[in-house]
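Observations on the model geometry
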Amino acid sequence: MNSILSDRILNMEESATLAMAKKARELKSQGIDIIGLSLGEPDFKTPKHIQEAAKAAIDEEKYFSYPPVAGYQDLREAIAKKLREENNISEAKAENIVVSTGAKHSIANTFMCLINEGDEVVIFSPYWVSYAEIIKLAGGVPVLIEGTLENNFKATASQLEAALTDKTKAIIYSSPCNPTGSVFSQAELEAIAEVVKKRENLVVIADEIYELINYTGKNFSIASLPGMFERTITVNGFSKGYAMTGWRVGYICAPLAIAKAVEKIQGQFTSGGTGIAQRAALAGIAGDQQSSKDMADAYFKRRGIVLELLQDIPGIKTHIPEGAFYFFPDVTAFFGKSAQGHTVKDADDLCLYLLDIANVSLVTGAAFGAPNCVRLSYAASEEELVEALKRIKKALGELA
Ligand SMILES: Cc1ncc(COP(=O)(O)O)c(C=O)c1O
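What this report covers is the structure whose coordinates are included nearby.

Regarding the packing of helix H5 (residues 103–114) against helix H9 (residues 256–269)
Packed helix pairs are specified by the crossing angle of their axes together with the interaxial distance, meaning the distance between the axes. For the pair H5 and H9, the least separation of the axes is 9 Å and the interaxial angle reads 105°. In terms of axis orientation, H5 runs roughly perpendicular to H9. On H9, the residues touching His105, Asn109, Thr110, Met112, Cys113 and Leu114 of H5 are Ile258, Ala261, Val262, Ile265 and Gln266. A per-class count over the contact of H5 with H9 returns seven nonpolar, four polar and no charged.

Looking at a nonpolar patch on the surface
A contiguous nonpolar patch, built from Ile4, Leu5, Ile9 and Leu10 and spanning about 430 Å² of accessible area, is present on the exposed surface. Among the structural elements, Ile9 can be located in helix H1 (residues 7–10).

Remarks on the site of the ligand
Close to the ligand lie 13 residues, the nearest being Ala103, Asn178, Asp207, Ser239 and Lys240. Lys104 places a polar main-chain atom, nitrogen or oxygen, 2.9 Å from an oxygen atom of the ligand. Interatomic distance of 2.9 Å between a side-chain N/O atom of Tyr210 and an oxygen atom of the ligand. The protein chains hide 93% of the 400 Å² of surface that the ligand would expose on its own. For the shell around the ligand, the class distribution of residues is five nonpolar, four polar and four charged.

Here's the deal with the sheet that holds strand E8 (residues 250–253)
Strand order in this open sheet of seven strands is E2-E8-E7-E6-E5-E3-E4, and the pairing throughout is mixed. With partners counted over all chains shown, the strands left at the sheet margins are strand E2 (97–100) and strand E4 (141–146), one partner each. On average, each strand axis in the sheet is tilted by 20° relative to the strand beside it, whichever way the strands run. With four bridges connecting them, E2 and E8 associate as antiparallel partners. Residue pairing across strands places Val99 opposite Tyr251, the latter belonging to E8. On top of the sheet, helix H4 (residues 73–87) reaches E2 and E8; it is set at about 120° to E2, its chief contact.

Considerations on the sheet that holds strand E13 (residues 363–364)
Read from one edge to the other, the open sheet built from three strands follows the order E9-E14-E13, with strand pairing classed as antiparallel. Every interior strand has two partners, whereas the edge strands, strand E9 (326–327) and E13, have only one. With two bridges connecting them, E9 and strand E14 (residues 374–377) associate as antiparallel partners. From the neighbouring strand, Phe327 faces E14, where its bridge partner is Leu376.

Thresholds applied
- Residues numbered from 1 in each chain as written.
- Predicted model: local features only at pLDDT ≥ 70, side-chain atom pairs only at ≥ 80, totals over all residues.
- Heavy atoms only, no water.
- Axes fitted to C-alpha atoms, helices over the stretch in contact; angles between N-to-C directions.
- Helix = DSSP H or I, 4+ residues; strand = E, 2+ residues; numbered from the N terminus.
- Parallel < 35°, antiparallel > 145°, perpendicular 65-115°, else oblique.
- Contact = heavy atoms within 4.5 Å.
- Nonpolar A, V, L, I, M, F, W, Y, C, P; charged D, E, K, R; others polar.
- Patch = residues over 30% accessible without salt bridge, like charges linked within 9 Å, V, L, I, M, F, W, Y side chains within 5 Å.
- Areas by Shrake-Rupley, 256 points an atom, 1.4 Å probe, with all protein chains shown as cover.
- Salt bridge = Lys/Arg side-chain N within 4 Å of Asp/Glu carboxyl O.
- Near = heavy atom within 4 Å.
- Polar contact = N/O pair within 3.5 Å; in protein donor to acceptor, adjacent residues only side chain to side chain.
- Pairing = 2+ DSSP bridges.

Right, here's the structure in full:
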């Protein structure tokens, strides 16, 4: 019998990060002491003033009905103001903002609005797992351009130029990047913008969800460059910088026609994002930013700890990430080696080996378009990180 399920879903990959986290949870529930470094999730609590705003919104009893599809006006205004003042996106107005149920939803909405069957989307690889699946779901064709370890995994403007065809509709990158933590500099984004501006009907989707976890001290939004506002969909949200993954609030800032299209599709699929969560998000974006800065400082400290421990493991090759909370080391030195009934052919095997023997969960780089690497999230306590790295070093040392 043919499957009752659509080709659309049968052709879709499961999220590798969520799959690894599920496996780790199963082992944990059997009483095994697993240290989970696979999920891209802050280990901090949502700041108190944001929690309080949500409680106050419930008590006000004003936010229980369907919110406006594109988000509450005051939240959209606060987002636009932030983008003008902090990201130098001077054209950003409330009408350009659409608030959705997380940045993942914003990205899905955007591709659904942009892509016709067969349109190509250039993805800067290594890339966040969901981009390619969402693009395919929308009927598009992902085209990868690959950054090398030597260039901090950042693909270049000339690689982009070479990848463009008559069918290219959009390009997408994240900066700071998941999975590599790399950050595009202003000069690199200017070069990318020059390539984009040579084409008609080509837009950039700039995923800036890790904006607040950036150790370079310089955030740069491509939409702030001359002529780029009309060609850029800036994606951002509250999950990472405000430790609000479970609240599910993300947004886009887009040229009006695209913002309207996203609002239209959201109106048919999900309606506006959860009212109480939007009130919490407003307190986050309009309130004191110190808690976000404190979290970024804590990630920075952990990055230093993990870097030192990783550099002490023979065979591991890593760059120094400039943002987000990930390391993305090259682990090819371990391919072809064996220990304790495991043979490590590739990064997938290495992750399974480390889960089984070191009881540490990482994610294979294959899920991010880089099969020679693994992703390690350092959104975990310093104690956990030190213990995890000790176990990883021991387990890797046993491979021969
Ligand atoms: C690069 C990137 N973009 C978007 C998202 C989605 O974030 P949200 O929780 O707002 O849906 C994530 C989450 O892991 C991410 O890493």
